[in-house]
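# Fold and contact review
Listed below, chain by chain, are the residues.
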Amino acid sequence: MAIDSIKARHNIFLVFSYIFAVVMSIFTVFPIVYTILGSFKTNAELTQGGSFFPSVWHFENYAKAFIENDFITYGLNSIIVSVGVLIIAVFTASAAGYVFARKDFIGKKIIFSAYSALVFIAMGSVTLYPTYSVLTTLHINKSLLGLILALVGGQITNVLLVTGFVKTVPVELDEAATIDGCSQYRTFFQIIFPLLRPILAVVALFSFRTAWNDYLTSFIISIFTPRIKTLTVAVVQMQYSINAAAEWHVMLAGASIAIIPILILYMFAHKQFINGLTAGAVKG
Amino acid sequence: MKKIISALLIVLAIVPSVVFAGGASETEAADASGKTVIRLWTNDRHDAAFWQEKVDAYNASNTDNIQLSYEIYTDNLQQAVDMAFQTGEAPDIVKYTEFFDKYILDGRFADILPLMTEEQKAMTQDAWYDGKNYIDGKLYFIPENNTCLRLFYNKTIFDRLGLKVPETLDEMVEAAVTITNELKGEGIYGFACNLKNPATGLNRSFEPEVERGTGLRLGYDFGTGTYDFTPYIPYLEAWKTMIQNGFPGCESLDIDPLRSQFAAGKIGMYMSYTHAEPGVYESQFPMAEGQEWGCTYLPIEEGAAACGQYFEAALCFLFNNESENLDAAWKAYSAIFLNEDNLREHFEGGYGISNLPVVLESSEMSAQYEANPALLKTDEDVMWPKTPEQAYPQDFIVEGLDMYNTFGAIIAGQIDVESGVADLTERYNAVNERLISQGVYERIINPDFSRN
Amino acid sequence: MRNLTKKRLKESMYAYSLLGPNLLLFLCFSFFPVIWMLKYMFFRYGGAGTSETFIGLENIMRVFRDGIYWKAVLNTFIYAVGKIIITIPISFSLAYILNKKIKGSGVFQSLVFLPTIMSSAVMGLVFYLLFNVYNGEINRMLMAAGIVDSPINWLGADHALKTLVIVSVWGAIGNYMVYFLAGLQQIPQEVLESAEVDGATGFRRLWNITIPMMGPILKIILMLAIANAFNDMNMILVLTEGGPYNASMVMTLYAYKFFFPVSAASSVMPQFGYGAALSFVSALIAGAVTILFLRFSKKMSDIY
């Protein structure tokens with residue numbers, strides 16, 4: 001086959017690739033650009049359908065979101081909750097995943113089958129009420145801690161991901177560490193934990209994202225204690241605020257604010273994340 | 001990795017202090033300064049600023065060391081109170097909604113008669129409704145305001161087309177169709193309803209209209225003690241025509257987007273509560289240049305005598321029976337919400353429509369009510385007794401599409417009118433008869449509310 | 001022998017000390033809700049202030065009589081299938097293209113990934129502004145471009161479910177693209193290179209080498225996609241509430257409405273028992289689909 005024809009074919013492929021990528025990027029970015037542009041419009045412009053770009057840029061919408069609507073508090077709640085969920089998820093899931101992969105203990109069979117049985121059951125909304133009553137029993141239904149624990153949840157998928165990943169780590173490593181006189185805990189925290197980094201990046205990003213974006217669970221738990229509302233709940237609730245749905249522009253400002261932290265996290269963790277998926281999810 | 005871990009550790013050290021801090025303080029009866037804190041939960045948003053100001057003044061000036069905390073729960077009040085009762089942390093005062101009737105029956109709310117002075121009793125006596133707030137000689141709340149259902153229309157559009165404000169069903173349909181036909185090109189339509197949730201939308205429009213026209217309440221005939229949806233048919237037909245020639249996308253419309261379109265002059269007519277709309281077009285969605293709204297009674301079939309249509313009690317509060325500070329709660333409530341001056345100012349300011357004759361008679365009628373007398377309650381706005389469905393909600397379970405969703409589907413042309421209505425009648429009666437025969441309740445008959 | 005038991009006991013204690021935190025969370029937030037559901041599906045209960053009454057199988061029988069629920073089940077399947085058959089090919093193509101280190105690959109990846117980090121509930125509000133029939137941005141653009149003459153009622157009974165599929169595809173392609181990227185990066189470069197030396201063209205390489213080697217990850221991705229699609233409800237709740245007239249009602253949302261009846265027509269009482277029964281049947285359906293898929297994919301890999 002002539003080199004030229006391969007090259008030509010390659011070029012055609014490249015052109016189509018670009019067109020496809022550009023079209024799909026526009027499709028995905030359009031609503032977000034609309035949200036961000038909308039956050040600078042007036043309310044009338046938004047609800048009565050003005051032009052795509054704001055006629056005048058109203059930066060004060062952000063001031064309004066932050067100050068009048070307490071988005072500083074809710075934003076802080078969101079950060080605390082999401083970081084808390086991330087930390088607890090990473091530590092508990094990695095420890096549990098490690099134990100399932102490496103240790104033989106009494107009751108393992110039963111517990112592991114319970115985990116596996118529940119992994120693909122879509123429980124949906126039925127969990128909300130019992131979750132809340134657990135928090136009430138523990139007297140943490142009115143604190144961010146309660147919300148954090150509820151959002152961390154059982155983590156079945158994460159645990160199974162880590163289990164799959166640990167199985168790819170050579171057993172010799174633990175054994176060598178044990179021979180070196182490491183205690184079992186040190187073996188886990190010093191030898192194994194750092195090796196899990198790629199899959200933990202996945203767990204971290206997933207759990208942070210879930211917590212940051214969650215609406216229903218956070219909504220139900222904060223119904224009773226509005227003080228612990230997260231940003232997402234606060235934004236959606238503006239549909240029903242004191243000033244009624246009037247304030248779409250402030251809502252969009254809030255939504256735009258909510259994008260930023262998670263975007264930063266993604267940029268930092270992006271590479272780890274892909275590596276983690278490559279190494280863990282696939283084999284898990 | 002070490003860096004990451006140490007960073008995480010620092011965060012770990014900080015987070016708990018934030019997370020655990022400020023735990024239960026706000027529910028405790030006394031704050032640091034030794035004040036008795038009374039919590040009041042409401043979902044009224046339109047007059048929140050007005051009352052907050054009164055509450056602040058009271059908190060600053062009262063000599064009983066009482067601090068009233070006025071907390072707004074918007075649309076989730078019912079769920080919040082539900083959860084609060086479960087955890088024994090219910091507030092001292094809660095705004096009444098029908099949903100809380102189950103708690104009244106359960107004895108969770110206090111009888112306020114023993115707390116009231118003779119003066120207060122005299123002042124509110126006209127607002128004691130048998131079976132509603134006054135049950136077996138006990139009084140649970142005082143509806144200080146009321147809200148009725150009316151037809152709101154765009155005066156500017158009606159004047160422009162030379163249309164008469166509709167009094168009958170046919171006139172309303174005709175006006176709706178005319179507006180749409182004439183002005184569709186400008187994006188103006190005759191009629192709209194917020195049907196995203198049919199129960200929410202039709203409960204505040206269609207149902208009271210039918211009540212007014214037929215004397216049925218939620219399909220129930222208090223004269224015979226049976227359900228009959230057949231008289232709904234002409235209204236369903238009329239609505240079907242109006243909606244299908246009406247504002248596009250009603251089936252996914254919420255009330256606020258509807259209002260914003262009405263304010264922009266895109267909608268000819270819709271139905272809503274009297275207490276809210278004037279304020280909405282004053283502050284939240286100011287009417288567009290040159291647009292003016294008007295308000296009239298719900299149109300009914302020509303020749304039909306107007307029967308009672310339901311009105312809702314507003315500005316009314318329940319008192320938690322388990323509260324340790326019931327007396328303080330009543331004191332604060334009396335000083336702020338049973339205060340004639342405040343109530344007058346509330347009414348004159350257009351925040352709500354008073355239900356107490358003393359207040360109404362001594363207040364100045366603002367221009368709003370002069371121009372739209374239909375905003376005020378009339379003798380045809382009545383407090384209905386409870387239908388079986390309302391009285392026994394836990395037992396009265398109608399399977400399949402409930403009445404509002406059936407109506408929604410009929411109006412949208414998804415279900416045939418005749419068969420849809422026949423099916424509803426049959427299903428509701430079946431449940432009613434079954435519960436009566438099982439002895440859950442005796443047939444509910446009330447001659448005062450009979451259809452004739 | 002005694003030593004062995006002792007060692008095992010010690011090992012177990014160690015294991016439980018690490019597993020403990022997660023196990024507690026699992027018991028509280030995954031296991032307990034299941035027990036709760038299994039109990040209340042046999043009761044009639046309207047929440048605090050009402051009594052619990054044991055009614056046996058009445059709730060379950062009602063599920064089977066409930067036409068709206070089965071319509072919601074059908075909608076769930078339409079929604080899930082629609083979402084998956086549109087999302088998976090697009091995500092795979094994107095991953096395949098962007099894995100080829102073309103210029104701007106990183107930028108494209110980030111742009112496509114953006115929707116997955118947006119809160120679907122918040123975006124539900126934005127999509128109302130975009131899709132509503134009276135002044136939505138989408139209709140305006142379509143009309144300006146001359147593609148349609150009159151506005152399309154995106155959220156009306158005829159189109160609502162399709163609109164939700166479009167919106168869900170929007171939210172999902174970035175996610176699955178990342179999964180596929182991970183899978184593609186796993187294929188040893190040498191395999192592809194040796195194929196190139198053998199003269200295999202791009203498409204033949206894709207068909208004969210890349211796709212078969214993606215087998216295992218494809219299976220996992222599809223499984224996740226199925227589980228997610230059956231669980232989606234945030235966006236639907238905010239955007240359409242399952243309407244109009246249940247045209248976009250899905251299983252989970254239908255059950256939700258019995259737990260939290262949000263309505264201004266106020267005396268509506270929650271029906272926890274019936275909600276639990278609906279959830280139970282829905283979980284069985286979703287579980288059955290997963291098992292069927294596993295069987296099927298196993299057969300597929302047996303053939304290969």
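Residues numbered from 1 in each chain as written. Chains lettered and ligands numbered in written order. Predicted model: local features only at pLDDT ≥ 70, side-chain atom pairs only at ≥ 80, totals over all residues. Heavy atoms only, no water.

## Here's the deal with the overall build of chain C
- Scanning chain C for helices and strands turns up 13 helices and two strands.
- Taking 2.2 N^0.38 as the reference for a compact globule, 304 residues should give roughly 19 Å; the C-alpha atoms of chain C span a radius of gyration of 24 Å, well beyond that estimate.
- Reported as C-alpha extents along the three principal axes, the dimensions of chain C are approximately 85 × 75 × 35 Å.
- The buried share of chain C, taken over its 304 residues, is 58%.
- For chain C, contacts bridging at least 24 residues in sequence account for 64% of all contacts bridging at least 6.
- Put simply, chain C shows about 13,200 Å² of open surface, and 68% of that area lies on carbon and sulfur atoms. (Helix = DSSP H or I, 4+ residues; strand = E, 2+ residues; numbered from the N terminus. Rg over C-alpha atoms; globule rule 2.2 N^0.38 Å. Buried < 20%, exposed > 50% of the residue type's maximum accessible area, 1.4 Å probe, protein only. Contact = heavy atoms within 4.5 Å. Areas by Shrake-Rupley, 256 points an atom, 1.4 Å probe, with all protein chains shown as cover.)

## Let's talk about the interface of chain A and chain C
- Counting residues at the interface gives 96 residues for chain A and 91 residues for chain C.
- Regarding the contact of chain A and chain C, the summed buried area is about 8,600 Å², with carbon and sulfur atoms giving 76% of it.
- Of the charged contacts, one joins Asp104(A) and Arg8(C) as a salt bridge, the two residues approaching to 3.0 Å between their closest N and O atoms.
- Here the element with the most residues in the side of chain A that touches chain C is helix α1 (residues 3-38) of chain A; it accounts for 18 residues. (Buried area = accessible area lost by both parts, 1.4 Å probe. Salt bridge = Lys/Arg side-chain N within 4 Å of Asp/Glu carboxyl O.)

## As for the confidence of the model for chain B
- Confidence in the prediction for chain B averages 88 pLDDT; 92% of positions are at 70 or higher.
- Segment residues 1-31 of chain B: pLDDT under 50, and 34 contacts once partners within four positions in sequence are set aside and those in other chains are kept. (pLDDT = per-residue confidence, 0-100.)

## Quick notes on the packing of aromatic side chains
- Evaluated as defined, the whole model comprises 92 aromatic pairs over all chains.
- Ring plane angle 75° and centroid distance 5.6 Å describe the contact between Phe85(B) and Phe109(B), whose orientation is recorded as edge-to-face. Linking Phe85(B) in helix α3 (residues 77-86) with Phe109(B) in the loop between α4 (101-105) and α5 (118-124), this pair joins segments that are 24 residues apart in sequence. Here the two residues Phe85(B) and Phe109(B) agree in accessibility, since each one is buried.
- Arranged with centres 6.2 Å apart and planes meeting at 35°, the rings of Tyr69(C) and Tyr254(C) form a pair that is tilted. Taken together, the residues Tyr69(C) in helix α3 (residues 67-98) and Tyr254(C) in helix α12 (residues 251-259) connect sequence positions 185 residues apart. This pair shows no difference in class: Tyr69(C) is buried, exactly as Tyr254(C) is.
- In this structure, Lys39(C) packs its charged tip against the face of Phe43(C), placed 5.3 Å from the ring centre. (Phe/Tyr/Trp six-rings, centres within 6.5 Å; stacked < 30°, edge-to-face > 60°. Lys NZ or Arg CZ within 6 Å of the ring centre and 35° of its normal.)

## Brief notes about a positive patch on the surface
All names here are of chain C.
- A contiguous patch of positive charge, built from Lys-219, Arg-295, Lys-298 and Lys-299, is present on the exposed surface.
- The element that contributes the greatest number of residues to the positive patch is helix α13 (residues 272-303), accounting for three residues.
- As for its placement among the helices and strands, Lys-219 is situated in helix α10 (residues 215-231). (Patch = residues over 30% accessible without salt bridge, like charges linked within 9 Å, V, L, I, M, F, W, Y side chains within 5 Å. Lys, Arg positive; Asp, Glu negative; His and termini not counted. Charge placed at Lys NZ, Arg CZ, Asp CG, Glu CD.)

## Observations regarding a nonpolar patch on the surface
Residues and elements named next belong to chain A.
- Residues Ile-12, Val-15, Phe-16, Ile-19 and Val-23 make up a contiguous nonpolar surface patch of about 490 Å² in total accessible area.
- One can find Val-23 in helix α1.
- On the basis of relative accessible area, Val-23 is assigned to the partly exposed category, the value being 46%.

## A short note on α3(B)
- Of all 10 residues making up α3(B), nine are buried, and the element is well covered by its neighbours.
- Among the residues of α3(B), those classed as buried are Leu77(B), Gln78(B), Gln79(B), Ala80(B), Val81(B), Asp82(B), Met83(B), Ala84(B) and Phe85(B).
- Residues of α3(B) that are buried make contact with α6 (128-137) and α12 (216-223) of chain A together with β1 (36-42), β3 (93-95) and α4 of chain B.
- Residue Gly88(B) follows α3(B) closely and has a positive phi angle near 65°.

## A closer look at the sheet that holds strand β11 (residues 267-273) of chain B
All names here are of chain B.
- Reading across from one edge, β8-β11-β7-β12 is the order of the four strands in this open sheet, with mixed pairing throughout. Whereas interior strands pair on both sides, the edge strands pair on one side only; in this sheet they are β8 (189-191) and β12 (293-296). Between one strand axis and the next, the sheet turns through 30° on average, direction left out of account.
- The pairing of β8 with β11 spans two bridges and is classified as parallel. Paired with Phe-191 across the bridge in β11 is Met-269.
- Contacts from helix α12 (residues 277-284) reach β7 (149-154), β11 and β12, with the element oriented near 120° to β11. (Pairing = 2+ DSSP bridges. Axes fitted to C-alpha atoms, helices over the stretch in contact; angles between N-to-C directions.)

## Let's talk about the packing of helix α5 (residues 120-131) of chain C against helix α6 (residues 137-144) of chain C
- Contact geometry for α5(C) and α6(C): axes closest at 4 Å, N-to-C directions at 35°. In contact with Leu129(C), Leu130(C) and Phe131(C) of α5(C), α6(C) contributes Glu137(C), Ile138(C) and Asn139(C).

## What about the packing of helix α9 (residues 206-214) of chain B against helix α10 (residues 233-244) of chain B?
Residue and element names in this part refer to chain B.
- Closest axis-to-axis distance for the α9/α10 pair is 10 Å, and the angle between their directions is 140°. The pairing of α9 with α10 is recorded here as oblique in orientation. Classified by chirality, the crossing of α10 by α9 is right-handed. Here α9 contributes Phe-206, Glu-209, Val-210, Gly-213 and Thr-214 to the contact with α10, which in turn contributes Tyr-235, Leu-236 and Trp-239.
- Residue composition of the contact of α9 with α10, grouped by class: five nonpolar, two polar and one charged. (Parallel < 35°, antiparallel > 145°, perpendicular 65-115°, else oblique. Left-handed = near helix turned anticlockwise from the far one by under 90°. Nonpolar A, V, L, I, M, F, W, Y, C, P; charged D, E, K, R; others polar.)

## Points about the pattern of salt bridges
- Summed over all chains, the structure comprises 31 salt bridges over all chains.
- As a salt-bridge pair, Arg259(B) and Asp256(B) come within 3.1 Å of each other at their nearest N and O atoms. Pair noted here: Arg259(B) and Asp256(B) are both in helix α11 (residues 255-263), with a separation of three residues, about one helical turn.
- Among the residues examined, Asp256(B) registers a relative accessible area of 5% and is labelled buried.
- Between Lys257(C) and Glu241(C) there is a salt bridge; the shortest N-O distance is 4.0 Å. Taken together, the residues Lys257(C) in helix α12 and Glu241(C) in the loop between α11 (234-239) and α12 connect sequence positions 16 residues apart.

## Let's talk about the sheet that holds strand β2 (residues 66-72) of chain B
Residue and element names in this part refer to chain B.
- Taken in spatial order, the four strands line up as β2-β1-β3-β15 in an open sheet, and their pairing is mixed. Where the open sheet ends on each side, the last strands, each with one partner, are β2 and β15 (317-319). Averaged over all adjacent pairs, the angle separating strand axes in this sheet is 20°, with direction ignored.
- Judged from the three bridges that link them, β3 and β15 form a sheet pairing that is antiparallel. From the neighbouring strand, Lys-95 faces β15, where its bridge partner is Phe-317.
- Contacting β1 and β3, α3 runs over the sheet at an angle of about 135° to β1.

## Remarks on unusual backbone geometry
- A cis geometry characterises the amide bond from Gly243(C) onward to Pro244(C), with omega recorded as -10°.
- Tracing the sequence through the fold places Pro244(C) in the loop between α11 and α12.
- You will see that His139(A), though not glycine, has its phi angle at about 60°, which is positive.
- Within the secondary structure, His139(A) sits in the loop between α6 and α7 (144-152).
- The class for His139(A) is exposed, based on a relative accessible area of 69%.
- Positive phi values are uncommon outside glycine, yet Leu315(B) reaches one of about 50°.
- When you line up the elements, Leu315(B) lands in the loop between β14 (312-314) and β15.
- Looking at Leu315(B), the relative accessible area reads 3%, which means it is buried.

## Let's talk about the domain arrangement of chain B
Residue and element names in this part refer to chain B.
- Taken domain by domain, chain B holds domain 1 (24-142 + 316-351) and domain 2 (148-312 + 382-452).
- Contacts between the two partners involve seven residues from domain 1, matched on the other side by seven residues from domain 2.
- Of the roughly 720 Å² buried where domain 1 meets domain 2, counting both sides, 50% is carbon and sulfur surface.
- Across the contact surface, domain 1 and domain 2 share one salt bridge.
- Lys-386 is the salt-bridge partner of Asp-101, the closest N and O atoms lying 2.6 Å from each other.
- Taken together, the connections running from domain 1 to domain 2 amount to two residue pairs in polar contact (both at pLDDT 80 or more).
- The residue makeup of the side of domain 1 that touches domain 2, split by class, is two nonpolar, one polar and four charged. (Domains from an automatic or database assignment. Polar contact = N/O pair within 3.5 Å; in protein donor to acceptor, adjacent residues only side chain to side chain.)

## Description of the pairing of β12(B)
Residue and element names in this part refer to chain B.
- Both faces of β12 are covered, namely the face carrying Trp-293 and Cys-295 and the face carrying Gly-294 and Thr-296.
- As paired elements, β7 and β12 share four bridges and run antiparallel to each other. Bridging from a neighbouring strand, Asn-154 pairs with Trp-293 of β12.

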